[in-house]
Amino acid sequence: MKLALIADIHSNLDAFEACLAHARDHGADRFAFIGDIVGYNADPGPVIERVRQMLAHEAVAVLGNHDAAVAADHGHERMNDAASVAIRWTRQQLSADQRAFLGGLPPVVRDERICFVHASAASPERWTYVGDSRQAAASMDAAALPYVFSGHVHEPLLWYMGADRRPQPFLPVAGIPIPVAPHRRWLGIVGSCGQPRDGDPRARYALFDGERGMLTFHRVDYDWAAAARKVRAAGLPEELARRLETGR
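These numbers come from a predicted model, not from an experiment.

The rules we used
Residues numbered from 1 in each chain as written. Predicted model: local features only at pLDDT ≥ 70, side-chain atom pairs only at ≥ 80, totals over all residues. Heavy atoms only, no water. Salt bridge = Lys/Arg side-chain N within 4 Å of Asp/Glu carboxyl O. Helix = DSSP H or I, 4+ residues; strand = E, 2+ residues; numbered from the N terminus. Buried < 20%, exposed > 50% of the residue type's maximum accessible area, 1.4 Å probe, protein only. Disulfide = S-S within 2.5 Å. Core = buried A, V, L, I, M, F, W, Y, C linked by side-chain atoms within 4.5 Å. Contact = heavy atoms within 4.5 Å. Pairing = 2+ DSSP bridges. Right-handed = clockwise from strand over helix to strand, strands pointing away. Axes fitted to C-alpha atoms, helices over the stretch in contact; angles between N-to-C directions.

## With respect to the pattern of salt bridges
Side-chain pairs of opposite charge can arise whenever the charged atoms involved come near each other. Under the defined criterion, the tally for this structure stands at 16 salt bridges. Put simply, Arg-30 and Asp-111 hold a salt bridge, and the shortest N to O gap is 3.5 Å. Of this pair, Arg-30 sits in strand 2 (residues 30-34) while Asp-111 sits in the loop between strand 4 (108-110) and strand 5 (114-117); the two residues are 81 residues apart in sequence, bridging distant segments of the chain. A residue is classified by how much of its surface remains accessible, and Asp-111, at 26% relative accessible area, is partly exposed. Asp-97 is paired through a salt bridge with Arg-52; the nearest N and O atoms lie 2.8 Å apart. Linking Asp-97 in helix 5 (residues 96-103) with Arg-52 in helix 2 (residues 44-55), this pair joins segments that are 45 residues apart in sequence. Connected via shared salt-bridge partners are Asp-198, Asp-200, Arg-202, Arg-204 and Arg-219.

Here is the structure:
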């Protein structure tokens, strides 16, 4: 089983389709969408319909904070101005059925070995950013499973539980498989498919090979200039288009 882990699509259909194609080319036979399907970018409806189509074929999806804000028209007031504008614009583009789909996504999905959660498993709907060892430990302990896969942070990082019960961070190199044996606990923050923020505009996702116990983080080329043009054509804030072009 190879599981593609895709987080923070953020209405970026171009990046999403590129990651799906890359994952299939590398043997993915299952998909997990780890929150923030919408927000920021210009194709919320097509992205939602693509996700819905795949959920009918054993994919899983969890709720992200942008998804929740679009569904409820609440919560965006705590976001920055560009994000809030994009939330209000996104609501106008979606049907009631599409908004209800977002609102019906679960905050957490667990199987026998894996916990999928957008932010922290310790407080899924508080949207805590896992940015240090204390927060990583809280999420791993709450999940109580060998693997936690998350998004929200937008930059990829792997945490593993050390012998002293303190999580240690590991910065993955794109395309290099990492052994992640299930006798340890792991928290993989898979990076953003639709809005990278570490200076490289390529889309991010990760591929988990459960049989071999290997996790590979990927960067995927796509036409980010076209995605940025869509943002501008939609009248969304200019900084959102520039972020796609620069990866910052």
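## Let's talk about the state of the cysteines
A complete count under the given rule lists 0 disulfides for this structure. Unpaired in this structure, Cys-19 has its nearest cysteine sulfur neighbour in Cys-193, at a distance of 3.8 Å. For Cys-193, a relative accessible area of 0% gives the class buried.

## Quick word on the nonpolar core
Ile-6, Phe-16, Phe-31, Phe-33, Ile-37, Val-51 and Leu-102 are the most contacted members of the largest nonpolar core, which totals 50 residues. Take this core: its biggest share by element is 6 residues, from helix 1 (residues 13-25). If we skip the residues at most four places from it in the chain, Ile-37 touches Ile-9, His-10, Ser-11, Val-47, Ile-48, Val-51, Asp-67, Phe-101, Leu-102 and Leu-105.

## Some points on the pairing of strand 6 (residues 147-150)
Side-chain positions along a regular strand alternate between the two faces of the sheet. Of the two faces of strand 6, both are covered, the one formed by Tyr-147 and Phe-149 as well as the one formed by Val-148 and Ser-150. As paired strands, strand 5 and strand 6 are joined by 3 bridges and run parallel to one another. Bridging across to strand 6, Cys-115 finds its partner in Val-148. Of the crossover connections in this fold, the one passing from strand 5 over helix 6 (residues 133-143) to the parallel strand 6 is right-handed.

## A word on the sheet that holds strand 10 (residues 186-189)
Taken together, 6 strands build an open sheet; the order of strands is 4-5-6-10-7-8 and the sheet is mixed. Taken across any chain shown, the strands that pair with only one partner, and hence form the sheet edges, are strand 4 and strand 8 (167-170). Here the average twist between neighbouring strands, direction ignored, is 15°. In the sheet, strand 4 pairs with strand 5 via 3 bridges, with the strands oriented antiparallel. Looking at the pairing, Arg-110 lines up with Cys-115 of strand 5. Here helix 6 sits on the sheet and contacts strand 4, strand 5, strand 6, strand 7 (157-161), strand 8 and strand 10; the angle it forms with strand 7, its principal contact strand, is near 65°.

Purely geometric numbers; function is a separate question.
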